[in-house]
Amino acid sequence: MYMRTFSAAALAVVATGVAAQDGSILVQSTTSTQASGLYDHLLPIFEEETGIEVNVVAVGTGQAIQNARNCDGDVLLVHAQDQEEQFVEDGMGVERHDLMYNDFVVVGPASDPAGIAGMTDAQDAFAQIAEAEAPFASRGDESGTHSKELQLWDSAGVDVEAASGGWYRETGSGMGQTLNTAVGMEAYTLTDRATWISFENRGDFEIAVEGDEDLFNQYGVILVNPDECPSVNAEAGQAFVDWLISEAGQEAIASYELDGQQLFFPNAEG
């Protein structure tokens, strides 16, 4: 059973496998969209306009996609484009839409043991962390963030499997818990910027690496295919997808800020 937290946006506790009811949908989503507070901002607007209740399961992208493959959900909103496109290609999704983006950043302690502070080349920074054998906390959970992190290690020519349990530590947890672990062990980690902005237990941690185009973080939204999953509330689910990529939905995404900082940047086609 996966748990969802209540909020004013009508998030609720739900057991996987529950069929969508008329007027309500289940969204399988990544943790960053929930942890950042984005749904608390968006869902009341959508629900007021449509009367459709939106329930969210927030897990790592890999788990969210697997849940949707198991027909546990009506809409998929995640950030691993290759996996999203494969989901549609396999017939499990109707159509993938670009929705919004932000970026990943590498954060670490002010002591900066690997000397990467201020770097703008993520590949070089990762190579430098490995060379220094500086502590690094990985989500290790097949999330979109974890997938991006593994791509960066691979590009840097670093075998993190060989380093696992040494300077490289896998938490198997979400982004918030991994950030807490990183702060506790004075380790670098990769995080999406939205979660970092909303994270409060920073200690002396700072952004060390940012600005590399390889750190671009695209989100997509997909209606789960009702032909493969008869339980899908296709009408209400499509209404949510259509609203998110509409001018009104895109404006709502753009208007969400924390501490004066915009967390997500809408980029739906058209």
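The structure presented is a predicted model; accordingly, all values stated were derived computationally and were not measured.

Parameters and conventions
Residues numbered from 1 in each chain as written. Predicted model: local features only at pLDDT ≥ 70, side-chain atom pairs only at ≥ 80, totals over all residues. Heavy atoms only, no water. Disulfide = S-S within 2.5 Å. Helix = DSSP H or I, 4+ residues; strand = E, 2+ residues; numbered from the N terminus. Buried < 20%, exposed > 50% of the residue type's maximum accessible area, 1.4 Å probe, protein only. Pairing = 2+ DSSP bridges. Domains from an automatic or database assignment. Buried area = accessible area lost by both parts, 1.4 Å probe. Salt bridge = Lys/Arg side-chain N within 4 Å of Asp/Glu carboxyl O. Polar contact = N/O pair within 3.5 Å; in protein donor to acceptor, adjacent residues only side chain to side chain. Nonpolar A, V, L, I, M, F, W, Y, C, P; charged D, E, K, R; others polar.

## Digging into the state of the cysteines
Item 1. As enumerated under the stated definition, the model contains one disulfide in all.
Item 2. The partner cysteine of Cys-71 in its disulfide is Cys-229, sulfur to sulfur 2.1 Å. Taking the sign of the S-S torsion, -70 degrees for the link of Cys-71 and Cys-229, the bridge is left-handed. Of this pair, Cys-71 sits in the loop between helix 3 (61-69) and strand 3 (75-78) while Cys-229 sits in the loop between strand 9 (216-224) and helix 10 (234-245), and the two are 158 residues apart along the sequence.
Item 3. By relative accessible area, which is 0% here, Cys-229 ends up buried.

## Here we look at the pairing of strand 1 (residues 24-30)
Item 1. With seven of its seven residues buried, strand 1 lies for the most part within the structure.
Item 2. Every second residue of strand 1 is oriented toward a common face, with Ser-24, Leu-26, Gln-28 and Thr-30 on one face and Ile-25, Val-27 and Ser-29 on the other, all of them buried.
Item 3. Relative to strand 2 (residues 53-59), strand 1 runs parallel, the two sharing seven bridges. The residue bridging Leu-26 from the neighbouring strand is Asn-55, located in strand 2.
Item 4. Sheet analysis places strand 1 next to strand 3, joined by three bridges and oriented parallel.

## So, the domain arrangement of the protein
Item 1. Taken domain by domain, the protein comprises domain 1 (24-102 + 217-266) and domain 2 (103-215).
Item 2. A straight line from the C-alpha centre of domain 1 to that of domain 2 covers 26 Å.
Item 3. Of the roughly 1200 Å² buried where domain 1 meets domain 2, counting both sides, 56% is carbon and sulfur surface.
Item 4. When the buried surface of domain 1 facing domain 2 is broken down by residue, His-79, Asn-102 and Asn-217 rank first, second and third, together holding 32% of it.
Item 5. At the junction of domain 1 and domain 2, the tally comes to zero salt bridges.
Item 6. Taken together, the connections running from domain 1 to domain 2 amount to three residue pairs in polar contact (both at pLDDT 80 or more).
Item 7. Listing elements by their share of the side of domain 1 that touches domain 2, those giving two or more residues are helix 1 (31-35), helix 3 and strand 9.
Item 8. With three residues, the top contributor of residues to the side of domain 1 that touches domain 2 is helix 1.
Item 9. Of the residues contributing to the side of domain 1 that touches domain 2, the split by class is six nonpolar, 11 polar and one charged.

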